[in-house]
Each structure stands twice: as structure tokens, then as C-alpha cells.
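This is what each chain is made of:
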Amino acid sequence: MNNNNSKNAFKQAQEVIPGGVNSPVRAFKSVGIDPIFVKKAKGTTIWDIDGNEYTDFVASWGPLILGHAHDDVLKAVAEAAANGTSYGAPTQIETEMAEQIVKMVPSVEKVRMVNSGTEATMSAIRLARGYTKRELIIKFAGCYHGHGDSFLIKAGSGAITLGLPDSPGVTKSTAKDTLTADYNNLDSVCQLFDKHPEQIAAVIVEPVAGNMGVVPPAEGFLQGLKELTEKHGALLIFDEVITGFRLAKGGAQEYFGVMPDLTTMGKIIGGGLPVGAYGGRKEIMDILAPIGPVYQAGTLSGNPLAMAAGLTALKKLDETPNAYEDLEKKAAFVEAGFRLNAEELGLNVVLNRVGSMMTAFFTEAKQVTSFDEAMTSDTGKYAEYFKNAVENGLYIAPSQFECLFISMAHTEEDLEKLIKGNRKALEAIK
Ligand SMILES: Cc1ncc(COP(=O)(O)O)c(C=O)c1O
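The rules we used
Residues numbered from 1 in each chain as written. Predicted model: local features only at pLDDT ≥ 70, side-chain atom pairs only at ≥ 80, totals over all residues. Heavy atoms only, no water. Near = heavy atom within 4 Å. Polar contact = N/O pair within 3.5 Å; in protein donor to acceptor, adjacent residues only side chain to side chain. Areas by Shrake-Rupley, 256 points an atom, 1.4 Å probe, with all protein chains shown as cover. Nonpolar A, V, L, I, M, F, W, Y, C, P; charged D, E, K, R; others polar. Phe/Tyr/Trp six-rings, centres within 6.5 Å; stacked < 30°, edge-to-face > 60°. Helix = DSSP H or I, 4+ residues; strand = E, 2+ residues; numbered from the N terminus. Buried < 20%, exposed > 50% of the residue type's maximum accessible area, 1.4 Å probe, protein only. 1 Å grid on protein atoms, 1.4 Å probe; cavity = no way out; pocket = protein on both sides within 12 Å on 5 of 7 lines; lining within 4 Å. Points joined across faces, edges and corners; volume = space filled by probe spheres on them.

**Some thoughts on the site of the ligand**
No. 1: Surveying the vicinity of the ligand reveals the residues Ser116, Gly117, Thr118, Tyr144, His145, Gly146, Glu206, Asn211, Asp239, Val241, Ile242 and Lys267.
No. 2: Residue glycine 117 places a main-chain N or O atom 2.9 Å away from an oxygen atom belonging to the ligand.
No. 3: Take asparagine 211: an N or O atom from its side chain is 2.9 Å from an oxygen atom of the ligand.
No. 4: Protein chains bury 82% of the 390 Å² of accessible surface belonging to the ligand in isolation.
No. 5: Across the shell around the ligand, the residue classes tally to 3 nonpolar, 6 polar and 3 charged.

**A word on the packing of aromatic side chains**
No. 1: Within the structure shown, the criterion is met by 10 aromatic pairs.
No. 2: Ring centres 5.3 Å apart and planes at 90° place the aromatic pair phenylalanine 28 and phenylalanine 386 in the edge-to-face group. Of this pair, phenylalanine 28 sits in the loop between helix H1 (4-16) and strand S1 (38-42) while phenylalanine 386 sits in helix H14 (residues 379-391), placing them 358 residues apart in sequence.
No. 3: A residue is classified by how much of its surface remains accessible, and phenylalanine 28, at 2% relative accessible area, is buried.
No. 4: Residues phenylalanine 140 and phenylalanine 221 carry aromatic rings whose centres are separated by 5.5 Å and whose planes lie at 75° to one another, so their mutual orientation is edge-to-face. Here phenylalanine 140 is found in strand S5 (residues 136-140), whereas its partner phenylalanine 221 is found in helix H8 (residues 221-231), with 81 residues between them in sequence.
No. 5: Its relative accessible area of 0% is what places phenylalanine 140 among the buried residues.
No. 6: Look at phenylalanine 221 and you get buried, because its relative accessible area is 2%.

**Side note on empty space enclosed by the protein**
No. 1: In the structure shown here, the tally under the stated rule is 4 cavities of 30 Å³ or more.
No. 2: Within this model, the largest cavity holds a volume of roughly 150 Å³.
No. 3: Taken together, 15 residues make up the lining of the largest cavity; nearest its centre are Met358, Thr359, Ala360, Tyr382 and Leu404.
No. 4: Of all the secondary structure elements, the ones that give two or more residues to the lining of the largest cavity are strand S12 (357-361) and H14.
No. 5: The residue makeup of the lining of the largest cavity, split by class, is 11 nonpolar, 3 polar and 1 charged.
No. 6: The wall of the second largest cavity is formed by Gly43, Thr44, Asp56, Ala59, Leu64, Gly67, His68, Ser407 and His410.
No. 7: Each residue belonging to the lining of the second largest cavity can be placed in one class, and the counts come to 2 nonpolar, 6 polar and 1 charged.

Put into C-alpha cells, the structure is as follows:
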């Protein structure tokens, strides 16, 4: 595979951009090859600047559940752009967007738009602290909630991929307000509540962990968090930046039937443009400025282009019959293919899947239900697997600790290509 143009582009980028990228995992550092520079994409296909073609299962790290450059989304953005790109004043489409979110996400009665998942989670914990008048938060080791200071404590995603779960630059006083519990371990949460009575404002959790690879919540874990937070007067925040609109119209809360107090959203909600949101019960949301004292603002929040793209995507998901059943069928087909490949080749791979998000962990462990078990993965093996997958025309996450995403645009042919490519890549690392 010729990738000289990408190599040169990366060299050039590194002169003026730290590490040559605007988000660390894009550098492919943990898989030991230079990143692919993208020229364009449509549907499920990505073309790089060397003319190589890949079938995409990264979906821009989750947002593109409709596939790349979806015609309806492009049309909505073009129409919005023709009327101006930003006003810094209210527009009706923001209300329409909020109504659509309230309709789809069961626990959300009011919602505030922001520009990224990071902004959503940072704002949600400020709101939780303002509402409860408490300062501590609990997060789970291996969960990632964006790059806000409070969350870069035992963080997942690129932070673990690069071995940087606790970032320099986060002050000690900020770090001490974040308590860390173990995912799928309610006792670890109980202990923190007991140790810090009436001081914990919120528990924030990925209802399906996606940033240490996919780790589903154990039976009763989410419900247990709901009961513990209620008992101790803290808020439960579901970070649905990945799971929102992916597992069901109403995200993980609908899928598992557990209602959080606050929900953070991102990725799919923007239809491929930079959007985030946080929402919840009215009485909590109504302490935000301008009606309440908790301040949060944004020059470009509710941007008309972003709202046009996001609203189009959400409506499409809401109005397509059997959208989530179809995603489930496609993903189950891939899971079955992957399992058969591993079994026939005698390889121990743990495959975790919830709906259209999945991860194959290269580990000798029997299961991956926790951060510690995820960490038993052989990342060197994953890197070899990744290189082979790329050679076979598959674009998958350049890290063991991320998800593979199935989109509505994937065809049977795409999925068969994925299973065949998986087979070849597994054979190569056997
Ligand atoms: C669960 C979760 N929360 C928050 C974020 C941060 O979102 P963003 O990258 O849009 O700031 C991410 C990003 O991957 C995420 O996966």
C-alpha cells in the first residue's frame, strides 16, 4: 500500500501542530504507523490522499451513525449556511432541536446546547455542584468524559492509549475533588459515599463504557448507582456522548430502563458537526443562567449549521422504521463472524458488544468486565492486528481501548468485508 503522501503530510503537520494532530489518538502512536490523511468520505468509504480506499468502522469516533456525507444532512447544512453561519441570537431551530431531544431522551425535560462532549460534561458537573451545593464528584477508572480538568483522573480513551490517565497541568486542588471508583463495582461507590458523607455532588458514568474498549454495565450496576445517589442526595449523570442515540432513540437510559438526573450528549447529536448538550429534570436545569445562578455560556452554542445537521440526523433516527433493530442485526452478524474466526483459529479474544458498539480485546482473560481486565489486553497484538486490517482496506480504531461502530449506511457487503478482513488480520497475528 502506497502511503507516501500521508507520510509527507504528517511530517509537514508536525512542524506546526503538536504531534501533527488536533486530537491525540489520531496520531496512531500506539499502533506504530503513521496516520492516514483523509481526502474525502461518502457513506461507509474513506479515501486517503494517496488514493487508498477504506471501509470505515470508526465513524468519526461515533457521530456518523448515518454514514459520511449523508445527502439530507448536506442539504440541511447548505440551506442553513445560505442564510448565515452564526447570529449570536436565538433561532427557532434551537427550540426545534431541544424539542426533538426532549422527545427522544426519556429523562430530559430541558436541554442546553454546547459545542462538544467535553463542554457538556464540564457544564453538567458544575450544574450538579451548584444544585447540590457539594463539591466532590465520583467517576470510574477507565471512563472518559472529555478533557476537562476534573475528568483527567484515571481517564480512558486516548489518555490510557498513550499511558497518560492523569495529566500534568491539572492542579492538586482540582484533582482532590474527583474521587475514583471501579466500574461495575458498587461496593467501591458505597465506600466513597460512606467516607465522604453529604459531600458528593454527583456520580458520572458512561452507562456502557466505551473508552476502555466496550465494557457493558453488569446486571444491576446502573440501577444500583441510581439507588445510591438517591439515598445520599447526589445526582446521577449518565455521560451518553457515545451511547446517546446509538443504543436506542433514547440512548442507554432507554436501553437499560434506568433514568439519570442529568444526561450529557455529543457525537451523533451533531450529525457530524461540533455539538454537545446536557439536559435533565426541569428543576435542575432551571438553576442555569439566565434564570438561575449557575453560569454557562457559548458564543457559538446552538450554531445554525450545527443545529441543521444535528436535527436532521436525530429526525432520521427517530423516523426510520426499525433503525435500531437493523443496527442490532448488523452488529450481531459481525459479532458472530468475529467469534467464528477466533474460534476456528484457536485465538482467545474477548468480544464485548452492546448494540452497534463493540470491541475485540486481545487478552487471555476469560471476560472483560472491568478496567483492570481491559488492561490485561495485549496492545502489541492489537497494533499488529490493526496494521493488517488497514492493509485489507478496513479503517478501524487505532487503539485497543476504543469501539468499532456499525452505522445505518453499512451494507451486507461492508460487513462481509469486515469479517473477512478480521479473519486475515487474525491469521497474520496468530
Ligand atoms: C463518553 C464520552 N464523553 C465525553 C467525550 C468528549 O467529547 P468531545 O470529544 O466531543 O469533547 C467523549 C469523547 O470521546 C466520550 O467518549
